[in-house]
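Descriptive analysis of the structure
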Protein chains: 2
Amino acid sequence: MTRQELIEQIFSKKSFLCVGLDTDINKIPEHLRQRENAIFEFNKAIIDATAPYCVAYKPNLAFYECFGVKGYMAFEQTIEYLHKNYPKHFIIADAKRGDIGNTSAMYARAFFERPGIDAVTVAPYMGEDSVKPLLTYEGKWVILLALTSNKGSHDFQLTTDAEGTPLFERVMRTAQTWAGTDQLMFVVGATQGRMFEDIRRIAPESFLLVPGIGAQGGSLEEVCKYGLTKDCGLIVNSSRAIIYADGTENFAARAAEEAHKVQQQMAEILG
Amino acid sequence: MTRQELIEQIFSKKSFLCVGLDTDINKIPEHLRQRENAIFEFNKAIIDATAPYCVAYKPNLAFYECFGVKGYMAFEQTIEYLHKNYPKHFIIADAKRGDIGNTSAMYARAFFERPGIDAVTVAPYMGEDSVKPLLTYEGKWVILLALTSNKGSHDFQLTTDAEGTPLFERVMRTAQTWAGTDQLMFVVGATQGRMFEDIRRIAPESFLLVPGIGAQGGSLEEVCKYGLTKDCGLIVNSSRAIIYADGTENFAARAAEEAHKVQQQMAEILG
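A short tour of the structure in this document, coming up. (Residues numbered from 1 in each chain as written. Chains lettered and ligands numbered in written order. Predicted model: local features only at pLDDT ≥ 70, side-chain atom pairs only at ≥ 80, totals over all residues. Heavy atoms only, no water.)

Okay, the overall build of chain A next. The helix and strand inventory of chain A stands at 13 helices and eight strands. Computed over the C-alpha atoms, the radius of gyration of chain A is 18 Å, within 12% of the 18 Å expected from 2.2 N^0.38 for a compact globule of 271 residues. Each principal axis of the C-alpha atoms in chain A carries an extent, and together these give about 55 × 45 × 35 Å. Here chain A holds 271 residues, and the buried ones make up 65% of them. Relative to all contacts within chain A whose residues are 6 or more apart in sequence, the contacts with residues 24 or more apart total 73%. Carbon and sulfur atoms make up 49% of the accessible area of chain A, which totals about 9700 Å². (Helix = DSSP H or I, 4+ residues; strand = E, 2+ residues; numbered from the N terminus. Rg over C-alpha atoms; globule rule 2.2 N^0.38 Å. Buried < 20%, exposed > 50% of the residue type's maximum accessible area, 1.4 Å probe, protein only. Contact = heavy atoms within 4.5 Å. Areas by Shrake-Rupley, 256 points an atom, 1.4 Å probe, with all protein chains shown as cover.)

Right under this line is the structure:
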(Lines give C-alpha, C1' and ligand atoms only; values in the text may rest on other atoms or scores of the structure.)
Protein backbone atom coordinates (compact mmCIF):
# COMPACT_ATOMS: atom_id res chain seq x y z
CA MET A 1 0.00 0.00 0.00
CA THR A 2 1.33 3.45 -0.90
CA ARG A 3 1.55 6.34 1.54
CA GLN A 4 -1.18 8.16 -0.38
CA GLU A 5 -3.54 5.18 -0.19
CA LEU A 6 -2.91 4.86 3.53
CA ILE A 7 -3.65 8.53 4.13
CA GLU A 8 -6.85 8.25 2.08
CA GLN A 9 -7.98 5.28 4.14
CA ILE A 10 -7.32 7.16 7.37
CA PHE A 11 -9.29 10.25 6.38
CA SER A 12 -12.16 8.40 4.73
CA LYS A 13 -12.63 6.11 7.74
CA LYS A 14 -11.73 8.82 10.25
CA SER A 15 -9.58 6.30 12.01
CA PHE A 16 -5.89 5.61 12.49
CA LEU A 17 -6.49 2.59 14.67
CA CYS A 18 -4.54 -0.62 14.24
CA VAL A 19 -5.90 -3.73 15.95
CA GLY A 20 -3.13 -5.95 17.25
CA LEU A 21 -3.80 -9.63 16.72
CA ASP A 22 -1.75 -10.91 19.68
CA THR A 23 -3.90 -13.98 19.90
CA ASP A 24 -3.12 -15.96 23.05
CA ILE A 25 -4.90 -19.31 23.23
CA ASN A 26 -5.16 -18.96 27.02
CA LYS A 27 -7.04 -15.69 26.76
CA ILE A 28 -9.58 -16.45 24.06
CA PRO A 29 -13.13 -17.41 25.05
CA GLU A 30 -13.59 -20.89 26.48
CA HIS A 31 -16.06 -21.99 23.79
CA LEU A 32 -13.49 -21.39 21.03
CA ARG A 33 -10.47 -22.79 22.81
CA GLN A 34 -11.20 -26.45 22.05
CA ARG A 35 -11.84 -25.92 18.34
CA GLU A 36 -9.38 -27.35 15.85
CA ASN A 37 -8.57 -23.95 14.40
CA ALA A 38 -9.18 -21.78 17.45
CA ILE A 39 -6.64 -19.03 16.75
CA PHE A 40 -7.84 -18.37 13.23
CA GLU A 41 -11.49 -18.56 14.23
CA PHE A 42 -10.91 -16.01 16.96
CA ASN A 43 -9.01 -13.72 14.56
CA LYS A 44 -11.70 -14.01 11.91
CA ALA A 45 -14.43 -13.00 14.36
CA ILE A 46 -12.34 -10.09 15.70
CA ILE A 47 -11.52 -8.90 12.18
CA ASP A 48 -15.12 -9.03 10.96
CA ALA A 49 -16.25 -7.13 14.06
CA THR A 50 -13.59 -4.41 14.08
CA ALA A 51 -12.89 -3.84 10.37
CA PRO A 52 -15.19 -0.79 10.07
CA TYR A 53 -13.33 1.01 12.86
CA CYS A 54 -9.68 0.42 12.04
CA VAL A 55 -7.33 0.92 9.10
CA ALA A 56 -4.72 -1.68 10.01
CA TYR A 57 -4.16 -5.09 11.59
CA LYS A 58 -0.96 -6.22 13.23
CA PRO A 59 -0.51 -9.91 13.98
CA ASN A 60 2.45 -10.42 16.30
CA LEU A 61 4.47 -13.38 15.06
CA ALA A 62 5.50 -14.56 18.53
CA PHE A 63 1.94 -15.49 19.37
CA TYR A 64 1.80 -17.77 16.32
CA GLU A 65 5.32 -19.19 16.43
CA CYS A 66 4.79 -20.47 19.95
CA PHE A 67 2.47 -23.09 18.44
CA GLY A 68 4.97 -24.17 15.83
CA VAL A 69 3.65 -25.29 12.45
CA LYS A 70 0.04 -25.08 13.60
CA GLY A 71 0.52 -21.50 14.76
CA TYR A 72 2.26 -20.54 11.57
CA MET A 73 -0.66 -21.94 9.59
CA ALA A 74 -3.07 -19.79 11.61
CA PHE A 75 -0.88 -16.75 10.86
CA GLU A 76 -0.92 -17.45 7.11
CA GLN A 77 -4.64 -18.14 7.15
CA THR A 78 -5.24 -14.82 8.92
CA ILE A 79 -3.19 -12.91 6.33
CA GLU A 80 -5.03 -14.65 3.50
CA TYR A 81 -8.40 -13.88 5.06
CA LEU A 82 -7.51 -10.22 5.46
CA HIS A 83 -6.07 -9.91 1.98
CA LYS A 84 -9.14 -11.48 0.39
CA ASN A 85 -11.86 -9.81 2.43
CA TYR A 86 -10.31 -6.53 3.58
CA PRO A 87 -7.81 -5.56 0.88
CA LYS A 88 -7.85 -1.90 1.92
CA HIS A 89 -6.58 -2.59 5.42
CA PHE A 90 -2.87 -2.11 6.02
CA ILE A 91 -1.29 -5.35 7.27
CA ILE A 92 1.73 -5.22 9.56
CA ALA A 93 3.71 -8.37 10.40
CA ASP A 94 5.02 -7.51 13.86
CA ALA A 95 8.15 -9.59 13.72
CA LYS A 96 10.98 -7.29 14.89
CA ARG A 97 13.44 -9.04 12.60
CA GLY A 98 16.93 -7.87 11.60
CA ASP A 99 19.99 -9.85 10.48
CA ILE A 100 22.94 -9.67 8.07
CA GLY A 101 22.13 -8.79 4.48
CA ASN A 102 21.69 -12.24 2.94
CA THR A 103 19.48 -13.27 5.86
CA SER A 104 17.36 -10.11 5.86
CA ALA A 105 16.78 -10.76 2.16
CA MET A 106 15.24 -14.09 3.22
CA TYR A 107 13.00 -12.32 5.74
CA ALA A 108 11.99 -9.94 2.95
CA ARG A 109 10.91 -12.94 0.90
CA ALA A 110 9.14 -14.46 3.89
CA PHE A 111 7.03 -11.38 4.44
CA PHE A 112 6.84 -9.40 1.20
CA GLU A 113 6.66 -12.11 -1.45
CA ARG A 114 3.34 -13.32 -0.21
CA PRO A 115 0.29 -11.27 -1.03
CA GLY A 116 -1.21 -9.22 1.73
CA ILE A 117 1.55 -8.06 4.06
CA ASP A 118 2.30 -4.34 3.69
CA ALA A 119 4.88 -3.80 6.40
CA VAL A 120 7.21 -5.55 8.79
CA THR A 121 8.69 -4.30 12.05
CA VAL A 122 12.50 -4.38 12.14
CA ALA A 123 15.10 -3.98 14.90
CA PRO A 124 17.88 -1.50 14.05
CA TYR A 125 20.79 -2.89 16.09
CA MET A 126 22.60 -4.50 13.13
CA GLY A 127 22.50 -1.37 10.98
CA GLU A 128 22.08 -0.50 7.33
CA ASP A 129 22.68 -3.80 5.54
CA SER A 130 20.24 -5.53 7.90
CA VAL A 131 17.44 -3.16 6.88
CA LYS A 132 18.09 -2.36 3.22
CA PRO A 133 17.00 -5.72 1.69
CA LEU A 134 13.56 -5.04 3.15
CA LEU A 135 13.39 -1.69 1.37
CA THR A 136 13.56 -3.04 -2.16
CA TYR A 137 9.86 -3.88 -2.56
CA GLU A 138 7.64 -1.18 -3.99
CA GLY A 139 4.68 -0.31 -1.80
CA LYS A 140 6.11 -2.32 1.11
CA TRP A 141 7.24 -0.74 4.35
CA VAL A 142 9.87 -1.14 7.03
CA ILE A 143 8.72 -0.05 10.48
CA LEU A 144 11.92 0.45 12.44
CA LEU A 145 12.04 0.28 16.23
CA ALA A 146 12.95 3.73 17.53
CA LEU A 147 11.63 4.37 21.04
CA THR A 148 9.61 1.42 22.28
CA SER A 149 6.80 1.33 24.83
CA ASN A 150 8.41 -0.96 27.41
CA LYS A 151 10.47 -0.25 30.52
CA GLY A 152 13.56 -1.72 28.87
CA SER A 153 13.47 1.09 26.29
CA HIS A 154 15.46 3.08 28.87
CA ASP A 155 18.33 0.59 28.92
CA PHE A 156 19.88 1.47 25.57
CA GLN A 157 17.55 3.61 23.45
CA LEU A 158 18.05 6.69 25.63
CA THR A 159 21.83 6.34 25.97
CA THR A 160 23.33 9.60 24.76
CA ASP A 161 26.49 9.96 22.72
CA ALA A 162 29.25 12.54 23.26
CA GLU A 163 27.08 15.26 21.66
CA GLY A 164 24.10 14.38 23.82
CA THR A 165 22.15 12.64 21.07
CA PRO A 166 20.21 9.64 22.33
CA LEU A 167 20.51 6.36 20.43
CA PHE A 168 16.90 6.37 19.25
CA GLU A 169 17.49 9.75 17.60
CA ARG A 170 20.63 8.50 15.91
CA VAL A 171 18.68 5.50 14.66
CA MET A 172 15.92 7.71 13.27
CA ARG A 173 18.28 10.21 11.62
CA THR A 174 20.45 7.50 10.10
CA ALA A 175 17.53 5.43 8.83
CA GLN A 176 16.07 8.45 7.07
CA THR A 177 19.14 8.43 4.82
CA TRP A 178 18.22 4.87 3.76
CA ALA A 179 14.60 5.47 2.71
CA GLY A 180 11.95 8.13 2.42
CA THR A 181 8.67 8.65 4.22
CA ASP A 182 6.93 6.47 1.62
CA GLN A 183 8.70 3.29 2.76
CA LEU A 184 9.91 3.89 6.29
CA MET A 185 7.96 4.32 9.52
CA PHE A 186 9.12 4.21 13.13
CA VAL A 187 7.83 2.48 16.23
CA VAL A 188 7.36 4.96 19.08
CA GLY A 189 5.57 3.79 22.20
CA ALA A 190 2.53 5.72 23.44
CA THR A 191 4.01 5.43 26.93
CA GLN A 192 6.76 7.88 25.91
CA GLY A 193 4.32 10.81 26.27
CA ARG A 194 6.01 14.16 25.67
CA MET A 195 8.91 12.52 23.84
CA PHE A 196 6.67 12.79 20.78
CA GLU A 197 7.67 16.45 20.63
CA ASP A 198 11.30 15.39 20.11
CA ILE A 199 10.25 12.66 17.71
CA ARG A 200 8.51 15.19 15.47
CA ARG A 201 11.59 17.40 15.41
CA ILE A 202 13.60 14.40 14.22
CA ALA A 203 11.06 12.99 11.75
CA PRO A 204 8.45 15.64 11.00
CA GLU A 205 6.64 13.75 8.24
CA SER A 206 7.23 10.07 8.98
CA PHE A 207 4.40 7.79 9.92
CA LEU A 208 4.75 6.41 13.43
CA LEU A 209 3.39 3.08 14.59
CA VAL A 210 2.38 3.69 18.17
CA PRO A 211 1.81 0.73 20.48
CA GLY A 212 1.10 1.12 24.15
CA ILE A 213 -2.35 2.63 24.52
CA GLY A 214 -4.79 0.45 26.42
CA ALA A 215 -3.19 -2.32 28.47
CA GLN A 216 0.22 -0.62 28.53
CA GLY A 217 -1.19 2.68 29.81
CA GLY A 218 -0.31 5.24 27.12
CA SER A 219 -2.63 8.16 26.38
CA LEU A 220 -4.13 8.74 22.92
CA GLU A 221 -4.60 12.46 23.62
CA GLU A 222 -0.99 13.02 24.55
CA VAL A 223 0.29 11.04 21.56
CA CYS A 224 -1.89 13.12 19.21
CA LYS A 225 -1.12 16.43 20.87
CA TYR A 226 2.52 16.11 19.93
CA GLY A 227 2.55 13.45 17.21
CA LEU A 228 -0.23 14.33 14.77
CA THR A 229 0.72 15.82 11.38
CA LYS A 230 -1.36 17.21 8.51
CA ASP A 231 -1.31 13.69 6.95
CA CYS A 232 -2.18 12.22 10.35
CA GLY A 233 1.22 10.51 10.50
CA LEU A 234 0.10 8.06 13.16
CA ILE A 235 -1.07 4.48 13.29
CA VAL A 236 -2.06 3.78 16.87
CA ASN A 237 -2.20 0.17 17.92
CA SER A 238 -4.34 -1.42 20.57
CA SER A 239 -4.27 -5.15 21.15
CA ARG A 240 -5.35 -6.50 24.52
CA ALA A 241 -7.83 -3.73 25.39
CA ILE A 242 -9.82 -4.56 22.25
CA ILE A 243 -9.43 -8.25 21.51
CA TYR A 244 -9.78 -9.38 25.14
CA ALA A 245 -12.40 -6.82 26.18
CA ASP A 246 -14.72 -9.72 26.92
CA GLY A 247 -14.05 -13.40 27.57
CA THR A 248 -17.51 -14.75 26.78
CA GLU A 249 -19.36 -15.68 23.59
CA ASN A 250 -20.01 -11.96 23.29
CA PHE A 251 -16.30 -11.21 22.71
CA ALA A 252 -16.57 -10.01 19.11
CA ALA A 253 -19.39 -7.56 19.79
CA ARG A 254 -17.47 -6.13 22.77
CA ALA A 255 -14.30 -5.87 20.67
CA ALA A 256 -16.30 -3.92 18.07
CA GLU A 257 -17.59 -1.62 20.81
CA GLU A 258 -14.09 -0.92 22.15
CA ALA A 259 -12.71 -0.35 18.66
CA HIS A 260 -15.62 1.94 17.87
CA LYS A 261 -14.96 4.00 21.02
CA VAL A 262 -11.35 4.54 20.02
CA GLN A 263 -12.39 5.34 16.44
CA GLN A 264 -14.82 8.00 17.70
CA GLN A 265 -12.05 9.65 19.71
CA MET A 266 -9.89 9.54 16.60
CA ALA A 267 -12.60 11.06 14.41
CA GLU A 268 -12.79 13.95 16.85
CA ILE A 269 -9.04 14.40 16.84
CA LEU A 270 -8.88 14.34 13.03
CA GLY A 271 -11.63 16.95 13.10
CA MET B 1 22.62 -28.10 28.01
CA THR B 2 24.67 -26.81 30.94
CA ARG B 3 27.90 -24.87 30.58
CA GLN B 4 29.85 -27.79 32.02
CA GLU B 5 28.36 -30.23 29.50
CA LEU B 6 29.19 -27.86 26.66
CA ILE B 7 32.79 -27.51 27.80
CA GLU B 8 33.09 -31.29 28.09
CA GLN B 9 31.81 -31.73 24.55
CA ILE B 10 34.29 -29.20 23.24
CA PHE B 11 37.32 -30.79 24.89
CA SER B 12 36.33 -34.37 24.17
CA LYS B 13 35.70 -33.66 20.48
CA LYS B 14 38.52 -31.11 20.24
CA SER B 15 36.14 -28.87 18.37
CA PHE B 16 34.24 -25.67 18.98
CA LEU B 17 32.73 -25.61 15.52
CA CYS B 18 29.09 -24.78 14.92
CA VAL B 19 27.64 -25.64 11.51
CA GLY B 20 25.13 -23.04 10.36
CA LEU B 21 22.12 -24.55 8.65
CA ASP B 22 21.30 -21.56 6.42
CA THR B 23 19.67 -23.81 3.90
CA ASP B 24 18.82 -21.92 0.72
CA ILE B 25 16.79 -23.95 -1.76
CA ASN B 26 18.57 -22.18 -4.64
CA LYS B 27 21.97 -23.28 -3.45
CA ILE B 28 21.39 -26.93 -2.65
CA PRO B 29 22.37 -29.58 -5.21
CA GLU B 30 20.16 -29.89 -8.26
CA HIS B 31 19.23 -33.55 -7.60
CA LEU B 32 17.72 -32.66 -4.20
CA ARG B 33 15.97 -29.48 -5.22
CA GLN B 34 12.92 -31.17 -6.74
CA ARG B 35 12.29 -33.50 -3.80
CA GLU B 36 9.19 -32.98 -1.73
CA ASN B 37 11.18 -32.39 1.45
CA ALA B 38 14.35 -30.93 -0.07
CA ILE B 39 15.38 -28.64 2.80
CA PHE B 40 15.16 -31.33 5.46
CA GLU B 41 16.83 -33.94 3.26
CA PHE B 42 19.73 -31.57 2.65
CA ASN B 43 20.02 -30.78 6.37
CA LYS B 44 19.90 -34.45 7.32
CA ALA B 45 22.72 -35.30 4.93
CA ILE B 46 24.82 -32.33 6.13
CA ILE B 47 24.22 -33.22 9.78
CA ASP B 48 25.12 -36.89 9.35
CA ALA B 49 28.28 -35.92 7.50
CA THR B 50 29.51 -33.16 9.82
CA ALA B 51 28.38 -34.35 13.28
CA PRO B 52 31.74 -35.88 14.24
CA TYR B 53 33.52 -32.56 13.65
CA CYS B 54 31.25 -30.03 15.30
CA VAL B 55 29.65 -29.45 18.71
CA ALA B 56 26.73 -27.28 17.62
CA TYR B 57 24.22 -26.62 14.85
CA LYS B 58 22.58 -23.31 14.14
CA PRO B 59 19.57 -23.22 11.84
CA ASN B 60 18.77 -19.65 10.84
CA LEU B 61 15.02 -19.13 11.01
CA ALA B 62 14.86 -16.71 8.08
CA PHE B 63 15.83 -19.46 5.67
CA TYR B 64 12.87 -21.53 6.84
CA GLU B 65 10.31 -18.78 7.29
CA CYS B 66 10.71 -17.68 3.69
CA PHE B 67 8.90 -20.88 2.69
CA GLY B 68 6.04 -20.31 5.10
CA VAL B 69 4.42 -23.34 6.70
CA LYS B 70 6.48 -25.76 4.59
CA GLY B 71 9.70 -24.11 5.68
CA TYR B 72 8.64 -24.09 9.31
CA MET B 73 7.94 -27.82 9.06
CA ALA B 74 11.44 -28.40 7.73
CA PHE B 75 12.84 -26.40 10.66
CA GLU B 76 10.91 -28.47 13.20
CA GLN B 77 11.85 -31.71 11.48
CA THR B 78 15.51 -30.68 11.58
CA ILE B 79 15.36 -29.94 15.31
CA GLU B 80 13.63 -33.26 15.96
CA TYR B 81 16.19 -35.15 13.93
CA LEU B 82 19.05 -33.51 15.81
CA HIS B 83 17.47 -34.03 19.19
CA LYS B 84 16.84 -37.71 18.52
CA ASN B 85 20.06 -38.64 16.80
CA TYR B 86 22.61 -36.16 18.15
CA PRO B 87 21.44 -35.24 21.65
CA LYS B 88 24.91 -34.08 22.68
CA HIS B 89 25.08 -31.35 20.06
CA PHE B 90 24.20 -27.84 21.19
CA ILE B 91 21.29 -26.46 19.13
CA ILE B 92 20.99 -22.73 18.49
CA ALA B 93 17.86 -21.22 16.95
CA ASP B 94 19.30 -18.20 15.16
CA ALA B 95 16.23 -16.02 15.35
CA LYS B 96 17.46 -12.63 16.63
CA ARG B 97 14.18 -12.06 18.42
CA GLY B 98 13.36 -9.43 21.06
CA ASP B 99 10.07 -7.79 22.04
CA ILE B 100 8.16 -6.49 25.07
CA GLY B 101 7.92 -8.87 28.03
CA ASN B 102 4.63 -10.65 27.30
CA THR B 103 5.73 -11.21 23.70
CA SER B 104 9.23 -12.40 24.55
CA ALA B 105 7.59 -14.89 26.88
CA MET B 106 5.81 -16.26 23.82
CA TYR B 107 9.10 -16.53 21.94
CA ALA B 108 10.51 -18.36 24.95
CA ARG B 109 7.68 -20.86 24.65
CA ALA B 110 8.20 -21.10 20.89
CA PHE B 111 11.84 -22.03 21.27
CA PHE B 112 12.41 -23.48 24.73
CA GLU B 113 9.25 -25.47 25.35
CA ARG B 114 10.00 -27.88 22.58
CA PRO B 115 12.67 -30.47 23.18
CA GLY B 116 16.00 -29.94 21.50
CA ILE B 117 16.70 -26.23 21.28
CA ASP B 118 19.39 -25.10 23.74
CA ALA B 119 19.78 -21.45 22.83
CA VAL B 120 18.23 -18.59 20.91
CA THR B 121 19.87 -15.45 19.54
CA VAL B 122 18.29 -12.23 20.82
CA ALA B 123 18.57 -8.54 19.79
CA PRO B 124 19.22 -6.19 22.74
CA TYR B 125 17.61 -2.96 21.50
CA MET B 126 14.46 -3.25 23.65
CA GLY B 127 16.37 -3.85 26.89
CA GLU B 128 15.94 -5.91 30.02
CA ASP B 129 12.28 -6.92 29.94
CA SER B 130 12.66 -8.10 26.35
CA VAL B 131 15.42 -10.53 27.32
CA LYS B 132 14.49 -11.70 30.82
CA PRO B 133 11.57 -14.01 29.91
CA LEU B 134 14.05 -16.03 27.87
CA LEU B 135 16.30 -16.46 30.91
CA THR B 136 13.82 -18.38 33.03
CA TYR B 137 14.46 -21.84 31.56
CA GLU B 138 17.11 -23.93 33.27
CA GLY B 139 19.83 -25.16 30.93
CA LYS B 140 18.62 -22.84 28.15
CA TRP B 141 20.67 -19.94 26.85
CA VAL B 142 20.23 -16.44 25.50
CA ILE B 143 22.86 -15.46 22.95
CA LEU B 144 22.69 -11.68 22.84
CA LEU B 145 23.86 -9.67 19.83
CA ALA B 146 26.85 -7.59 20.90
CA LEU B 147 29.20 -6.80 18.02
CA THR B 148 27.99 -8.41 14.82
CA SER B 149 29.97 -9.49 11.76
CA ASN B 150 28.34 -7.24 9.17
CA LYS B 151 29.23 -3.79 7.84
CA GLY B 152 26.14 -2.31 9.51
CA SER B 153 27.61 -3.19 12.92
CA HIS B 154 29.41 0.17 12.63
CA ASP B 155 26.18 2.14 12.36
CA PHE B 156 25.08 1.89 15.99
CA GLN B 157 27.05 -0.75 17.90
CA LEU B 158 30.23 1.35 17.94
CA THR B 159 28.54 4.64 18.86
CA THR B 160 30.25 5.89 22.01
CA ASP B 161 28.53 7.57 24.93
CA ALA B 162 29.79 10.64 26.80
CA GLU B 163 32.37 8.50 28.67
CA GLY B 164 33.61 6.95 25.44
CA THR B 165 31.93 3.58 26.02
CA PRO B 166 30.63 2.04 22.80
CA LEU B 167 27.07 0.73 22.71
CA PHE B 168 28.10 -2.92 22.34
CA GLU B 169 30.12 -2.64 25.56
CA ARG B 170 27.20 -1.10 27.38
CA VAL B 171 25.00 -3.92 26.13
CA MET B 172 27.47 -6.55 27.33
CA ARG B 173 28.02 -4.95 30.74
CA THR B 174 24.32 -4.39 31.34
CA ALA B 175 23.31 -7.86 30.21
CA GLN B 176 25.80 -9.44 32.61
CA THR B 177 23.73 -8.00 35.46
CA TRP B 178 20.73 -9.98 34.13
CA ALA B 179 22.31 -13.45 33.95
CA GLY B 180 25.52 -15.32 34.58
CA THR B 181 27.93 -17.08 32.24
CA ASP B 182 25.87 -20.27 32.54
CA GLN B 183 22.89 -18.77 30.67
CA LEU B 184 24.16 -15.85 28.66
CA MET B 185 26.49 -15.77 25.64
CA PHE B 186 27.23 -12.97 23.20
CA VAL B 187 27.42 -12.80 19.43
CA VAL B 188 30.72 -11.28 18.31
CA GLY B 189 31.60 -11.41 14.61
CA ALA B 190 34.90 -12.99 13.54
CA THR B 191 35.32 -10.02 11.20
CA GLN B 192 35.89 -7.78 14.25
CA GLY B 193 39.49 -9.11 14.58
CA ARG B 194 41.40 -7.36 17.37
CA MET B 195 38.19 -6.16 18.99
CA PHE B 196 38.19 -9.56 20.72
CA GLU B 197 40.82 -8.13 23.06
CA ASP B 198 38.29 -5.53 24.23
CA ILE B 199 35.54 -8.13 24.35
CA ARG B 200 37.57 -10.28 26.74
CA ARG B 201 38.16 -7.31 29.03
CA ILE B 202 34.39 -6.78 29.17
CA ALA B 203 33.33 -10.43 29.44
CA PRO B 204 36.34 -12.52 30.44
CA GLU B 205 34.49 -15.79 30.97
CA SER B 206 31.42 -15.60 28.74
CA PHE B 207 30.98 -17.92 25.83
CA LEU B 208 30.95 -16.09 22.52
CA LEU B 209 29.11 -17.26 19.41
CA VAL B 210 31.34 -16.17 16.55
CA PRO B 211 29.92 -16.02 13.04
CA GLY B 212 31.85 -14.66 10.11
CA ILE B 213 34.67 -17.09 9.35
CA GLY B 214 34.52 -18.58 5.87
CA ALA B 215 32.29 -16.69 3.44
CA GLN B 216 32.35 -13.48 5.49
CA GLY B 217 36.18 -13.42 5.66
CA GLY B 218 36.97 -13.57 9.40
CA SER B 219 40.09 -15.37 10.63
CA LEU B 220 39.94 -18.28 13.08
CA GLU B 221 43.51 -17.64 14.25
CA GLU B 222 42.85 -14.03 15.12
CA VAL B 223 39.59 -14.85 16.90
CA CYS B 224 41.35 -17.47 19.01
CA LYS B 225 44.46 -15.39 19.68
CA TYR B 226 42.35 -12.86 21.57
CA GLY B 227 39.14 -14.72 22.35
CA LEU B 228 40.11 -18.14 23.69
CA THR B 229 39.75 -18.78 27.44
CA LYS B 230 40.74 -21.73 29.63
CA ASP B 231 37.21 -23.14 29.09
CA CYS B 232 37.53 -22.40 25.36
CA GLY B 233 34.77 -19.79 25.62
CA LEU B 234 34.11 -19.82 21.88
CA ILE B 235 31.62 -21.41 19.52
CA VAL B 236 32.74 -20.54 16.02
CA ASN B 237 30.14 -20.80 13.29
CA SER B 238 30.63 -21.53 9.64
CA SER B 239 27.67 -21.86 7.30
CA ARG B 240 28.20 -21.30 3.60
CA ALA B 241 31.85 -22.44 3.44
CA ILE B 242 30.82 -25.86 4.74
CA ILE B 243 27.30 -26.58 3.58
CA TYR B 244 27.80 -25.24 0.04
CA ALA B 245 31.38 -26.45 -0.41
CA ASP B 246 30.15 -28.55 -3.32
CA GLY B 247 27.03 -28.32 -5.44
CA THR B 248 27.00 -31.89 -6.77
CA GLU B 249 25.82 -35.24 -5.41
CA ASN B 250 29.08 -35.26 -3.51
CA PHE B 251 28.01 -32.29 -1.34
CA ALA B 252 27.83 -34.13 1.98
CA ALA B 253 31.26 -35.70 1.68
CA ARG B 254 32.75 -32.32 0.78
CA ALA B 255 30.95 -30.66 3.69
CA ALA B 256 32.46 -33.31 5.99
CA GLU B 257 35.90 -32.58 4.56
CA GLU B 258 35.57 -28.84 5.13
CA ALA B 259 34.23 -29.33 8.66
CA HIS B 260 37.05 -31.78 9.38
CA LYS B 261 39.64 -29.24 8.21
CA VAL B 262 38.27 -26.60 10.58
CA GLN B 263 38.07 -29.16 13.40
CA GLN B 264 41.74 -30.07 12.90
CA GLN B 265 42.73 -26.42 13.18
CA MET B 266 40.64 -26.20 16.34
CA ALA B 267 42.24 -29.33 17.82
CA GLU B 268 45.63 -27.73 17.33
CA ILE B 269 44.49 -24.49 18.93
CA LEU B 270 42.96 -26.31 21.93
CA GLY B 271 46.15 -28.48 21.98
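Residues and elements named next belong to chain A. On the secondary structure map, N43 appears in helix α3 (residues 38–50). Residues N43 and Y81, spaced 38 residues apart in sequence, show a C-alpha to C-alpha distance of 9.5 Å. Setting aside residues up to four positions removed in sequence, N43 forms contacts with L21, T23, Y64 and T78. Among the polar contacts made by the side chain of N43, one reaches the side chain of T23 at a distance of 2.6 Å. There is a polar contact of 3.0 Å between the side chain of N43 and the side chain of Y64. (Polar contact = N/O pair within 3.5 Å; in protein donor to acceptor, adjacent residues only side chain to side chain.)

Quick look at the packing of aromatic side chains now. For the structure on display, the rule yields 19 aromatic pairs over all chains. Of the aromatic side chains, those joined through ring pairs into one cluster are A:Y64, A:Y72, A:F75, B:Y64, B:Y72 and B:F75. (Phe/Tyr/Trp six-rings, centres within 6.5 Å; stacked < 30°, edge-to-face > 60°.)

Listed as interface residues are 58 residues of chain A and, on the opposing side, 58 residues of chain B. With both sides pooled, the region where chain A packs onto chain B buries about 5000 Å², and carbon together with sulfur makes up 60% of that total. By the criterion of area lost to chain B, the three top residues of chain A are A:M106, A:Y125 and A:F156, representing 18% of everything that side buries. The tally of links from chain A across to chain B stands at four salt bridges. (Buried area = accessible area lost by both parts, 1.4 Å probe. Salt bridge = Lys/Arg side-chain N within 4 Å of Asp/Glu carboxyl O.)

Our next topic: the sheet that holds strand β7 (residues 208–210) of chain A. Backbone hydrogen bonds hold the strands of a sheet together, and the pairing may be parallel or antiparallel. Residues and elements named next belong to chain A. Spatial strand order, β1-β2-β3-β4-β5-β6-β7-β8: eight strands in a closed barrel with parallel pairing. Across this sheet, the average inter-strand angle for adjacent strands is 30°, counted without regard to direction. Two elements, strand β3 (residues 90–97) and strand β4 (residues 119–122), share three bridges in a ladder whose sense is parallel. If you follow R97 over to β4, its bridge partner there is V122. Helix α9 (residues 167–175) rests against β5 (141–147) and β6 (184–188) of the sheet, and its axis sits at about 155° to β5. (Pairing = 2+ DSSP bridges. Axes fitted to C-alpha atoms, helices over the stretch in contact; angles between N-to-C directions.)

So, on to the sheet that holds strand β2 (residues 56–59) of chain B. All names here are of chain B. The eight strands lie next to each other as β1-β2-β3-β4-β5-β6-β7-β8, forming a closed barrel whose pairing is parallel. Each strand of the sheet is rotated relative to its neighbour by a mean of 30°, with strand direction disregarded. With four bridges joining them, strand β1 (residues 17–21) and β2 adopt parallel strand pairing. Of the residues in β2, the one forming a bridge with L21 is P59. Where helix α9 (residues 167–175) meets the sheet, it contacts β5 (141–147) and β6 (184–188), and its direction lies at approximately 155° from that of β5.

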